[in-house]
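# Close look at the chain arrangement
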Amino acid sequence: MPLGQMHQALSGKERLWRVWWLWGIPVALAASALTVFAGFAREDGMHVAGSLLDTLKVLIYAAWLVAAWRCAPNVKDAFWKNVSRAAVALGIVLVSMTA
């Protein structure tokens, strides 16, 4: 996602579907990869590197969660605002459990 769109998303000015699908899927893939590599680092005895990768994962995911929360009202049907915010809240719980 270009820097201008990222700023729009973090400001809550982007359409939710763009934040959810066009930014969310790459973020989820990156977070999964960082989790795997953090595990590999720890298995190899590089615990600090594993912790740094976990921290990076949380920061990336947190930025997306903030953007998704702030852009939730930018939908045609208010139902999706509530669904997306519930999913974001669940995501916060899951991130805290895997970090």
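See the structure printed just above.
We now turn to the structure provided with this report.

The rules we used
- Residues numbered from 1 in each chain as written.
- Predicted model: local features only at pLDDT ≥ 70, side-chain atom pairs only at ≥ 80, totals over all residues.
- Heavy atoms only, no water.
- Phe/Tyr/Trp six-rings, centres within 6.5 Å; stacked < 30°, edge-to-face > 60°.
- Helix = DSSP H or I, 4+ residues; strand = E, 2+ residues; numbered from the N terminus.
- Buried < 20%, exposed > 50% of the residue type's maximum accessible area, 1.4 Å probe, protein only.
- Salt bridge = Lys/Arg side-chain N within 4 Å of Asp/Glu carboxyl O.
- Patch = residues over 30% accessible without salt bridge, like charges linked within 9 Å, V, L, I, M, F, W, Y side chains within 5 Å.
- Areas by Shrake-Rupley, 256 points an atom, 1.4 Å probe, with all protein chains shown as cover.
- Core = buried A, V, L, I, M, F, W, Y, C linked by side-chain atoms within 4.5 Å.

Within the structure shown, the criterion is met by 4 aromatic pairs. Ring centres 6.3 Å apart and planes at 65° place the aromatic pair Phe 37 and Phe 40 in the edge-to-face group. One end of the pair, Phe 37, and the other, Phe 40, are both in helix α2 (residues 16-43), 3 residues apart, so they sit about a helical turn from each other. Since its relative accessible area comes to 46%, Phe 40 is described here as partly exposed. Three or more aromatic residues joined by ring pairs make a cluster, and in this case those are Trp 20, Tyr 61 and Trp 64.

A separate point is the pattern of salt bridges. Scanning the entire structure with this criterion turns up 2 salt bridges. Notably, a salt bridge pairs Glu 14 with Arg 18, separated by 3.5 Å at the nearest N-O pair. On the basis of relative accessibility, which here comes to 8%, the residue Glu 14 falls in the buried class. Here Arg 18 falls in the partly exposed class, since its relative accessible area comes to 32%.

So, about a nonpolar patch on the surface. On the surface, Trp 17, Trp 21, Leu 22, Ile 25 and Leu 29 cluster together into a nonpolar patch covering about 580 Å² of accessible area. By the element assignment, Trp 21 lies in helix α2.

Moving on, we come to the nonpolar core. Counting 13 residues, the largest nonpolar core has Val 19, Trp 23, Tyr 61 and Trp 64 as its most contacted members. Those elements that provide at least two residues to this core are α2, α3 (47-71) and α4 (78-98). Of the residues forming this core, the biggest block, 6 residues, is contributed by α3.

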